[in-house]
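Each chain, letter by letter, is given below.
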Amino acid sequence: MEKRLYPKLILDALSHVRYPGTGKDIVSSEMVEDDIRIDGMKVSFSLIFDKPTDPFAKSLVKSAEAAIKTYIGEEVEPTIATKFRTAVPPKPANPLPGVKNIIGVSSGKGGVGKSTIAVNLAVSLAQLGYKVGLLDADIFGPSAPKMFGLEDAPVYMVQKEDGRNLIAPLEKYGVKLLSIGFLVDKEQAVLWRGGMASNALRQLITEADWGELDYFVIDMPPGTSDIHLTLVQTLAITGAIVVTTPQDVALADARKGVSMFQSDKVNVPILGIVENMSWFTPAAHPDERYYIFGKDGGKNLAEKLGVELLGQIPLVATICKGGDDGMPVTLQNSVSGAAFIELARKVATATDRRNDTLPPTHKVEFN
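Reading guide: rules and limits
- Residues numbered from 1 in each chain as written.
- Predicted model: local features only at pLDDT ≥ 70, side-chain atom pairs only at ≥ 80, totals over all residues.
- Heavy atoms only, no water.
- Helix = DSSP H or I, 4+ residues; strand = E, 2+ residues; numbered from the N terminus.
- Rg over C-alpha atoms; globule rule 2.2 N^0.38 Å.
- Buried < 20%, exposed > 50% of the residue type's maximum accessible area, 1.4 Å probe, protein only.
- Contact = heavy atoms within 4.5 Å.
- Areas by Shrake-Rupley, 256 points an atom, 1.4 Å probe, with all protein chains shown as cover.
- Lys, Arg positive; Asp, Glu negative; His and termini not counted.
- Charge placed at Lys NZ, Arg CZ, Asp CG, Glu CD.
- Pairing = 2+ DSSP bridges.
- Axes fitted to C-alpha atoms, helices over the stretch in contact; angles between N-to-C directions.
- Patch = residues over 30% accessible without salt bridge, like charges linked within 9 Å, V, L, I, M, F, W, Y side chains within 5 Å.
- Salt bridge = Lys/Arg side-chain N within 4 Å of Asp/Glu carboxyl O.
- Parallel < 35°, antiparallel > 145°, perpendicular 65-115°, else oblique.
- Phe/Tyr/Trp six-rings, centres within 6.5 Å; stacked < 30°, edge-to-face > 60°.
- Lys NZ or Arg CZ within 6 Å of the ring centre and 35° of its normal.

Peer 1: Provide a residue-level description of the overall build of the chain, including the pertinent values.
Peer 2: Helix and strand counts for the chain come out as 10 helices and 13 strands. The C-alpha radius of gyration computed for the chain amounts to 28 Å, which surpasses the reference 21 Å derived for 367 residues by more than 25%, pointing to a less compact arrangement than a globule. By principal-axis analysis of the C-alpha atoms, the chain measures approximately 110 × 45 × 40 Å. Across the 367 residues in the chain, those meeting the buried criterion constitute 46%. For the chain, long-range pairs separated by at least 24 residues make up 73% of all intrachain contacts whose partners lie at least 6 apart in sequence. As displayed, the chain has an accessible area near 19,100 Å², and 52% of this comes from carbon and sulfur atoms. Seen as two clouds, the 39 positive and the 44 negative side-chain charges of the chain have centres 2 Å apart.

Peer 1: Outline the sheet that holds strand β8 (residues 170-172), listing residues and values.
Peer 2: Spatial strand order, β8-β9-β5-β10-β4-β11-β12-β13: 8 strands in an open sheet with mixed pairing. Unpaired on one side and paired on the other, β8 and β13 (309-315) mark the two borders of the sheet. Looking at each pair of strands side by side, their axes are set apart by 25 degrees on average, direction ignored. Direction of pairing for strand β5 (residues 132-136) relative to strand β9 (residues 175-179): parallel, over a ladder of 5 bridges. Note on β9: the bridge partner recorded for D136 is S179.

Peer 1: Explain the environment of V155 to me, and be specific about the residues and the numbers.
Peer 2: Take V155: it is sitting in the loop between α4 (144-147) and β6 (156-159). Each C-alpha atom, one on V155 and one on L178, is 8.9 Å from the other, the two residues being 23 residues apart in sequence. In contact with V155, other than residues within four places in its own chain, are I167, A168, L170, F182 and L183.

Peer 1: An account of a nonpolar patch on the surface is requested, with residue identities and associated values reported.
Peer 2: Side chains of F280, Y290 and I292 sit close together on the surface and give an oily, nonpolar patch of about 280 Å² of accessible area. Note on placement: F280 falls in strand β12 (residues 270-280). We classify F280 as partly exposed; its relative accessible area is 31%.

Peer 1: Break down the packing of helix α3 (residues 114-127) against helix α10 (residues 335-357) for me, citing the residues and quoting the values.
Peer 2: When two helices pack together, their arrangement is captured by the angle between the axes and the distance separating the axes. Interaxial distance between α3 and α10 falls to 8 Å at its minimum, and their mutual angle equals 80 degrees. Between α3 and α10, the interaxial angle falls into the category roughly perpendicular. Judged by residue contacts, T116, I117, N120, L121, S124, L125 and Q127 of α3 engage F340, I341, L343, A344 and V347 from α10.

Peer 1: Summarise the packing of aromatic side chains; cite the residues concerned and give the values.
Peer 2: In the structure shown here, the tally under the stated rule is 6 aromatic pairs. Between F49 and F84 the ring centres are 6.5 Å apart and the planes differ by 40 degrees, which places this aromatic pair in the tilted class. In this pair, F49 sits in strand β2 (residues 42-49) while F84 sits in strand β3 (residues 77-84), placing the two residues 35 residues apart along the sequence. You can call F84 partly exposed: its relative accessible area is 28%. Ring centres 4.7 Å apart and planes at 70 degrees place the aromatic pair W210 and F216 in the edge-to-face group. Accessibility expressed as a relative area gives 2% for W210, which makes it buried. Lying over the aromatic face of W279, R289 brings its terminal NZ or CZ to 3.7 Å of the ring centre.

Shape is all these values report; function is a separate question.
See below:
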């Protein structure tokens, strides 16, 4: 007599399968959906899990297939689908729809003046008439609040028309600014694990009212870290600027920074290299140059890597003082200020050229 399949026979076999998370069988746990379909020796149905990330989903499907063949017969051909009580969340939309260009300012190591470059670049772009935002993403060493003279400034929330409450960036010198430094005690070290730091950074990006911007400049932490991965996973970065000094040690680390952005997984275009602290000129002898950290190291690295040298910034006391006093040097009528304005022009030109010749950058998907 030919064997016939019917729903109860299937359910009896499945009652021998237990869900590892509770130890209960999947039938009494109501994990077998009432959609059993039978066509001869072919049977199909769905198993229901609470969420898409259930760690036992794949193994439980295999156990259900094995139970049907064991308790009914090897000739049965089961097809088992998976459904979830919690829907798969949609991929997030562009978190900064009003931003035209996202520029990452990075360095292979600390102490090369990356934050000084990022701050003065942002203010210089604003001086040129662009709408600019600056995110201080150096979670463990935020310096933008001091460089803007906003260390004790309060941060408020603003309610949008759709009912969302968003962080309102502070604004000074024509630049919208947010930093973790506004949200923590400036006298205390930030002792966070990588996940906490990454989540805080995502909030500053996705839960802030950045609005319409021509340039969104990101002051990245030095080196390569979880924060860099968080940034390229959260935002489609238009291009990166790598800051170095002419010193060989800094150049070696800058080369690694360039390599990170150009890797197949990250694939963020390099807009160029900025050589900082290129030479020292005494105030009393403006025509003299002393190459304290070596000569043309950043220039030579740019040529070797085939990227543009965006600028050579001299080592001048007014640059340091401007950062300490909350008055970026680019706002001052000086040779140093003019150097940063020229840097901003070159960055704008490099960005336009990148947009004209390369496809848009995509957010990085890591498996």
